[in-house]
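Close look at the chain arrangement
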Amino acid sequence: MTRIAIRRLVTLVPLVWLVVTVTFLVVQLAPGSYADTLDHPRLTPEARQNLRASYGLDRPLGEQYLRWLAAAATGNLGSSYLFKEPVIRVIGRALPPTLLLAGTALLLDLLLGVLLAVAAARRPYGWVDRLTTVLGLGIYGLPSFWIAGLLILVFALGLGWLPASHMHSVGAGELSAPGRLIDLLRHLVLPALSLGLVGAAATARLLRATLLEARASRFVLAATARGLSPRRILWVHSLRPALLPVITAFGLALPMVFSGSVVVESVFSWPGMGMALWRAAEARDIPLVMGLTLVGAAAVIVGSLIADLLYAVADPRAREER
Amino acid sequence: MTGVSRLRIGGAAVAALVAGCVLGPLVIHPPPADPVVGALQPPLATVTALELDDGTTVVARRVEATSDGLIATGAGRRRVVDPARVTATTRHRLLLGSDRFGRDVLYQLLVGGRISLAIAALSLVLAVAIGGTVGVAAATGGRLVDAVLMRCVDACLAFPLLFLMILAAAVLRPDPLLLVLLLGGTSWMGVARLVRGQVLSLRTRPFVAAARVSGSPWHRIALWHYGPNLVGPVSQDTALRMGDLVLAEATLSYLGLGVPPSVPTWGSMVAQGHRALPEGWWLAVFPGLAIALLVIGLALLGDALQRLTEPGT
């Protein structure tokens, strides 16, 4: 167990390094630099050149790369050209909204998925089961940005119940603390739903299959013979073993949730990592792009590491194999 | 649903969409776009197209003849047309409405579908080519090659891929070919794992040993002995993978990354529709439904192929 954890942690470092290096190459090989994206009538070619030199953008590629790597190794991610402040501070501002959004979406995913799967598995091939199967398949095929648009259309533009974008209302700073929390939650509902619904459909589909498998097993027959209530058998005896593959699938879905939140953030103007990456990439703000990718890649890789460890906890065979 | 009915429903949905996108634009003749009076017509609207002598067309919901001339109304605007200038009058039914530039949404949808399908299909070919090569090489190339290649696969799987794709697409110029390279180059890992597993089990079969004993070189064994036996499992897998690629392509074009803005794809049509949500719900709804229909059809198809070839599951 500990050995697996250590081995995976050792592979984490080269993997993050690989992601960061690929990112560096992509950003550097792209046409244009930060100095070119500035549009100012009094910016002469010489001034642009000076600007490029002051950011060190005129140095050879290898030198720029090694400089960044050396600084990053000591925890210094440099400062953002665009926001004129340390990259760490920009990330510190962008990470909590993304974590909030992705976390709520994962919670919704699990809650809705379990409820739907249990409802479906109570009477296999009954109408609830058929309905959830069809709905699940429908949602699985729909892109999350389209669901986001539909939710905006119905609940924001049509019914006017919820705000269509951003994280706070204008002037929310003057509200009391509970008022601000309610305001935030109201803004959170639609983005979290558009991200969580797709996952919930997948979770419900997987869990329904494993639940049916568990219900056909001998320990459920034994529990029935002991006279336990059907509810207890379903929620405790069947659900617990059936949830194990779901936990694994959850960890594997982490990169998807993280990437998906980038898309949903752009639909709802949610001020998270995705929006920051987008603006940074457009402005060729290399330190910020590199910093965001570093943190994003580390988060995703640590997530899949946790999933692997959970798998090893759940399945003894996985422990022996490695 | 049984395997056969899944095969029928999924196959019908996919075949209808592909045939519609390939043949549809040749068959249907939408009215020329009129961005003034003909913009944002709702689905099922019947419009009158007045072709004028200067080559332009006025597409209107209602045309009234008055003493001032023909009054064409639509999209909340009106235009007076001199009857003497009208060279031809045709009536059209816009099944899915028209967009902000007066273009027929159905026609755009079919043309955009061609591009979306072509990009997804080409990236799939690329993914299968890379994945197949890596898989066969890992399975037959000895332990060291296997270990190195499979660690590479693990590493690529752990990448936050969409994150990187968004980054690459944001800094590079939109280009369909680049999109194919990005999508194909980031989705071959599953194929590689599948092919490696299949080849490892094929290697132990007598016909491979017979081929090796009779002196067949490795490339002939790979092509003629492994290849045909891989078609079945890989084709099930590709049906599902194609759905994922369609979604990925749609996501990137939604963000305005995949193709130049002038080229319609389903993803970019949804994006344009979102910008016009208050005025026209149909602009975003129909391309989204087209994506869903294709992805669900492909999922059913893949599922059915798996059930039909592996009766035990």
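The written sequence of each chain sets the order in which its residues are numbered from 1. Throughout, the order in which chains and ligands are written sets their labels, letters from A for the former and numbers from 1 for the latter. Per-residue local features are limited, in this predicted model, to residues with pLDDT of at least 70; the limit for side-chain atom pairs, both in listing and counting, is 80 or more; totals at the level of whole chains, interfaces and linings are taken over all residues. Side-chain measures were taken over the full set of non-hydrogen atoms in the model, leaving aside hydrogen atoms and water.

Buriedness of a pocket was judged along seven lines, with at least five required to meet protein on both sides within 12 Å; pockets are open sets of points on a 1 Å grid over the protein atoms alone, cavities are sets where a 1.4 Å probe fits but cannot get out, and lining residues have an atom within 4 Å of a point. Grid points are joined across faces, edges and corners, and a volume is the space filled by probe spheres set on the points. Enumeration according to the criterion identifies three cavities of 30 Å³ or more in this entry. The volume enclosed by the largest cavity comes to roughly 40 Å³. Along the walls of the largest cavity sit W146, G149, L150 and L153 of chain A together with H274, L277, W281, A284 and V285 of chain B, which together make up its complete lining. For the purposes of this entry, the term helix denotes a DSSP run of H or I that reaches at least four residues, the term strand denotes a run of E that reaches at least two, and both are numbered from the N terminus. Within the residue set of the lining of the largest cavity, elements represented by two or more residues are α7 (144-158) of chain A together with α10 (282-309) of chain B. In terms of residues, the lining of the largest cavity owes the most to one element, α7 of chain A, which gives four residues. Basically, the charged four are Asp, Glu, Lys and Arg, the nonpolar ten are Ala, Val, Leu, Ile, Met, Phe, Trp, Tyr, Cys and Pro, and anything else, Gly included, counts as polar. The class makeup of the residues in the lining of the largest cavity is seven nonpolar, two polar and no charged.

Residue and element names in this part refer to chain B. Within the open sheet, the three strands sit side by side as β3-β4-β5. Their pairing is antiparallel. On the outer flanks of this sheet lie β3 (62-66) and β5 (77-81), each paired with one strand and no other. Strand after strand, the sheet turns through a mean of 20° between neighbouring axes, direction not considered. When DSSP finds two or more bridges between a pair of strands, those strands are recorded as paired. Where strand β4 (residues 69-74) lies against β5, five bridges are found, and the strand directions are antiparallel. Bridge pairing links G74 to R77 in β5. Angles shown run from 0 to 180 degrees and are taken between the N-to-C directions of axes, each axis being a line fitted to C-alpha atoms and, for helices, limited to the stretch in contact.

Another aspect to go through is the nonpolar core. In these notes, a set of buried Ala, Val, Leu, Ile, Met, Phe, Trp, Tyr and Cys residues joined through side-chain atoms within 4.5 Å is what counts as a nonpolar core. Relative accessibility decides the category of a residue: with a 1.4 Å probe and only protein chains considered, values under 20% of the type maximum give buried, values over 50% give exposed, and everything between is partly exposed. Counting 83 residues, the largest nonpolar core has F145, L207 and L211 of chain A together with W266 and L294 of chain B as its most contacted members. For this core, the element with the highest residue contribution is α10 of chain B, accounting for 14 residues. We call two residues contacting when some pair of their heavy atoms lies within 4.5 Å. Leaving out residues up to four positions away in the same chain, F145 of chain A has contacts with V263 and V267 of chain A together with A250, T251, Y254, V270 and H274 of chain B. Listed in part, the 36 residues of the second largest apolar core include L12, V19 and V87 of chain A together with V171 of chain B.

When a carboxyl oxygen of Asp or Glu is within 4 Å of a side-chain nitrogen of Lys or Arg, the pair counts as a salt bridge. One pass over the full model with this rule turns up six salt bridges over all chains. A salt bridge links R208 of chain A to D129 of chain A; the nearest nitrogen and oxygen atoms lie 2.7 Å apart. Within this pair, whereas R208 of chain A is found in helix α8 (residues 177-215), its partner D129 of chain A is found in helix α6 (residues 127-141), the two being separated by 79 residues in sequence. Across the pair R196 of chain B and D146 of chain B runs a salt bridge, and its minimum N-O distance is 2.7 Å. Of this pair, R196 of chain B sits in helix α6 (residues 189-203) while D146 of chain B sits in helix α3 (residues 143-158), and the two are 50 residues apart along the sequence.

Residue and element names in this part refer to chain A. Non-glycine residue K84 carries a positive phi angle of around 55°. Tracing the sequence through the fold places K84 in the loop between α4 (61-73) and α5 (87-122). Positioned with a positive phi, S269 is a non-glycine residue whose angle comes to about 50°. Inspection of the secondary structure assignment puts S269 in the loop between α10 (230-268) and α11 (273-282).

A few words now on the interface of chain A and chain B. By convention, interface size is frequently given as the accessible area that disappears when the constituent parts associate. Opposite the 38 residues of chain A that make contact, chain B presents 37 residues. Simply put, the buried area is the total loss of 1.4 Å probe accessible area from both parts when two parts are fitted together. Both sides together, the interface formed by chain A and chain B hides about 3,400 Å², and carbon and sulfur atoms give 84% of it. Its largest share of buried area at the contact with chain B, chain A owes to F145, W146 and W278 of chain A, together 19% of the area lost on that side. The definition of a polar contact used here is a pair of N or O atoms within 3.5 Å, where within protein one atom must be able to donate a hydrogen and the other to accept one, and adjacent residues in sequence count solely through side-chain atom pairs. Taken together, chain A and chain B are joined by two residue pairs in polar contact (both at pLDDT 80 or more). In terms of residue count, the dominant contributor to the side of chain A that touches chain B is helix α1 (residues 2-29) of chain A (seven residues). Residues of the side of chain A that touches chain B, tallied by class, amount to 29 nonpolar, seven polar and two charged.

Strand pairing in a sheet is mediated by backbone hydrogen bonds. Such pairs are either parallel or antiparallel. Residues and elements named next belong to chain B. With antiparallel pairing, three strands are arranged side by side in an open sheet as β2-β1-β6. Two strands in the sheet have a free side with no partner beyond their single neighbour: β2 (57-60) and β6 (86-94). When the angles between neighbouring strand axes are averaged without regard to direction, this sheet yields 20°. Alignment of strand β1 (residues 45-52) against β6, held across eight bridges, turns out to be antiparallel. Bridging across to β6, T46 finds its partner in R93.

Considered domain by domain, chain B is made up of domain 1 (45-94) and domain 2 (105-309). Just the C-alpha atoms count here: the centres of domain 1 of chain B and domain 2 of chain B sit 47 Å apart. A domain assignment, automatic or from a database, supplies the domain bounds used here.

Tracing the sequence through the fold places P176 of chain B in helix α5 (residues 176-185). Sequence spacing of P176 of chain B and I115 of chain B is 61 residues, and the spatial spacing of their C-alpha atoms is 8.8 Å.

Residues and elements named next belong to chain A. Its location among the elements puts L254 in helix α10. You can call L254 partly exposed: its relative accessible area is 26%. Taking the C-alpha atoms as reference, L254 lies 47 Å from T44; in sequence the two are 210 residues apart. Once you skip the residues sitting within four places of it in the chain, L254 turns out to touch L106 and G303.

This part covers the environment of G196 of chain A. Residue and element names in this part refer to chain A. Structurally, G196 is set in helix α8. Measuring from C-alpha to C-alpha, the distance between G196 and S144 comes to 8.9 Å, with 52 residues separating the pair along the chain. Here G196 is in contact with A105 and D109, once residues within four sequence places are set aside.

Residues and elements named next belong to chain A. To estimate how far a helix should reach, multiply one less than its number of residues by 1.5 Å. Between the first and last C-alpha of α6 there are 21 Å, a value that for 15 residues agrees with the 21 Å anticipated at 1.5 Å per step. Within α6, the full set of buried residues consists of D129, T132, G136, L137 and G141. An end-on view of α6 places all buried positions within 160° of arc, on one side of the element. Across from the buried face of α6, at angles greater than 90 degrees, the exposed residues are W127, R130 and V134. It is the directions from the helix axis to the C-beta atoms whose arc is reported.

Quick look at the packing of α6 of chain A against α8 of chain A now. Residues and elements named next belong to chain A. Two elements in contact, α6 and α8, have axes separated by 9 Å at closest approach and are oriented at 135°. The angle between α6 and α8 falls in the class oblique. At the point where α6 passes α8, the crossing takes the left-handed sense. Here α6 contributes D129, T133, G136, L137, I139 and Y140 to the contact with α8, which in turn contributes L197, V198, A201, R205 and R208. What sets the label is the angle itself: under 35 degrees gives roughly parallel, over 145 gives roughly antiparallel, 65 to 115 gives roughly perpendicular, and the rest give oblique. Left-handed describes a crossing whose near helix is turned anticlockwise from the far helix through less than a right angle; right-handed describes the clockwise counterpart.

Turning our eyes to something else, we now look at the packing of aromatic side chains. Pairing of aromatic side chains here covers Phe, Tyr and the six-membered ring of Trp, requires ring centres within 6.5 Å, and sorts the geometry by plane angle: under 30 degrees stacked, over 60 edge-to-face, intermediate tilted. One pass over the structure, following the stated rule, counts five aromatic pairs over all chains. Taking the centre distance of 6.0 Å and the plane angle of 40° together, the rings of F155 of chain A and W161 of chain A count as tilted. The exposed category is assigned to W161 of chain A, whose relative accessible area is 52%. The interplanar angle of 90° and the centroid separation of 5.8 Å between the aromatic rings of W281 of chain B and W282 of chain B together place this pair among those described as edge-to-face. Overall, W281 of chain B belongs to the partly exposed group, its relative accessible area being 41%. Exposure remark for W282 of chain B: the relative accessible area of 5% places this residue in the buried category. Among the aromatic side chains, those forming a connected cluster through ring pairs are W281, W282 and F286 of chain B.

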